[in-house]
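The chain contents come next:
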Amino acid sequence: MLLIDWINTTLKQEHIVVKSLEEDLFDGLILHHLLEKLGSLRLDVEKMALTEKKQKRKLAVILEAVAQCLQLEESQLKWSVDSIFQKDLLSTLYLLIAIAKHFQPDLPIPSNISVEVIIIERTLTGLRTENAVEYITEDREKLEAQSKADAFDELFAHAPDKLDAVKKVLLQFVNKHVGKLGLNVKDADSQFADGVILLLLIGQLGGYFLNLREFFLNPNCATEMLHNVNLAVALLTDGGLLDFPVNAEDIVNRDMKTTLQVLYCLYSKYKTKET
């Protein structure tokens, strides 16, 4: 309904009313009006194409204009003249969402929109069908998580001079909350590797006490350290704080980027929390 309402609102002055996406858009007429209204595009096509041949030719011109306007290569297109003309809903949704995101990026299109599709394949023994789920819009949380990961990649690769400033902010945050336990972190490169401070920090921020029998307070080997860090990662994931995959071994092996990413997740959630 969101896309239908958006089209009808956009084309209200043209007295155009869309009721069905696949039935009303297949011949290119409404798409033509939509592009003229949104992008001020003037296409060299007939306003009214009455025959199938003319409709498909008009639709081809319109879709080529969309691809050029959105700067999409042919391999990136998830629609075609044939699929739109054959009233394929999935292709029509892909097309409209791409147009909407380009011309009206503030349109509140939900994430994780999916369509159940049936794949039919002809085999030697007959027809084989398979159900599949096609996701039309991205998972916003995954995109945000990827954005955070990309930011740290950029920091380590191109802005090492800012790295110390990031460490300083995160260590101030950590010490603010573990200080009441008589702890003080000075070296971000090594003091989180055994998972102990990370676990105690999670408990302090979450307002709960971790049973000492669940982790090793004084780990003596890499196996015990890995146990601690795995527990920390599990707690963060269960609490919805960790929105990207973390290899616990990276923290044990003192991988600074992974350690800072995990600390940043806690910082983002609890930076305003009072001690």
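The coordinates are above.
Calculation rules
Residues numbered from 1 in each chain as written. Predicted model: local features only at pLDDT ≥ 70, side-chain atom pairs only at ≥ 80, totals over all residues. Heavy atoms only, no water. Buried < 20%, exposed > 50% of the residue type's maximum accessible area, 1.4 Å probe, protein only. Helix = DSSP H or I, 4+ residues; strand = E, 2+ residues; numbered from the N terminus. Contact = heavy atoms within 4.5 Å. Pairing = 2+ DSSP bridges. Phe/Tyr/Trp six-rings, centres within 6.5 Å; stacked < 30°, edge-to-face > 60°. Axes fitted to C-alpha atoms, helices over the stretch in contact; angles between N-to-C directions. Parallel < 35°, antiparallel > 145°, perpendicular 65-115°, else oblique. Left-handed = near helix turned anticlockwise from the far one by under 90°.

(A) Here's a closer look at helix 1 (residues 2-10). Turning to helix 1, its buried residues are Leu-3, Ile-4, Trp-6, Ile-7, Asn-8 and Thr-10. Tucked into the core, helix 1 has its buried residues touching helix 2 (21-25), helix 3 (29-39) and helix 6 (89-103).

(B) Inspection of the pairing of strand 2 (residues 126-135) at higher detail. By the bridge criterion, 10 bridges tie strand 1 (residues 114-123) to strand 2 in an arrangement that is antiparallel. Counterpart to Ile-120 in the pairing with strand 2 is Thr-129. Adjacent in sequence and paired antiparallel, strand 1 and strand 2 are bridged by 2 residues.

(C) How the structure looks around the packing of aromatic side chains. Here the structure, examined in full by the defined rule, presents 3 aromatic pairs. A centroid spacing of 6.1 Å and a plane angle of 35° characterise the contact between Tyr-264 and Tyr-267, whose relative ring orientation is tilted. Linking Tyr-264 with Tyr-267, this pair stays in helix 12 (residues 256-270), spanning 3 residues, or about one helical turn. On the accessibility criterion, Tyr-264 (31% relative accessible area) is partly exposed. Taking the relative accessible area as the measure of exposure, Tyr-267 reaches 22% and is therefore partly exposed. A connected cluster of aromatic rings, assembled from ring pairs, spans Phe-173, Tyr-264 and Tyr-267.

(D) Geometry of unusual backbone geometry. Despite not being glycine, His-15 shows a phi value in the positive range, around 55°. Positionally, His-15 belongs in the loop between helix 1 and helix 2. For His-15, a relative accessible area of 73% puts it in the exposed group. With a phi close to 65°, Lys-87 is a non-glycine residue in the positive phi region. When you line up the elements, Lys-87 lands in the loop between helix 5 (81-85) and helix 6.

(E) Up close: the packing of helix 9 (residues 196-206) against helix 12. Packing of helix 9 against helix 12 brings their axes to within 11 Å, and their N-to-C directions diverge by 15°. As the angle between them shows, helix 9 and helix 12 are arranged roughly parallel. Regarding helix 9 and helix 12, the two cross each other, and that crossing is left-handed. From helix 9, Leu-198, Leu-201, Ile-202, Leu-205 and Gly-206 reach across to helix 12, where they touch Val-262, Leu-263, Leu-266 and Tyr-270.

(F) The environment of Cys-69, seen in detail. Within the fold, Cys-69 resides in helix 4 (residues 52-69). Residue classification places Cys-69 among the partly exposed residues on the basis of a relative accessible area of 27%. Spatially, the C-alpha atoms of Cys-69 and Leu-171 are 47 Å apart, while their sequence positions differ by 102 residues.

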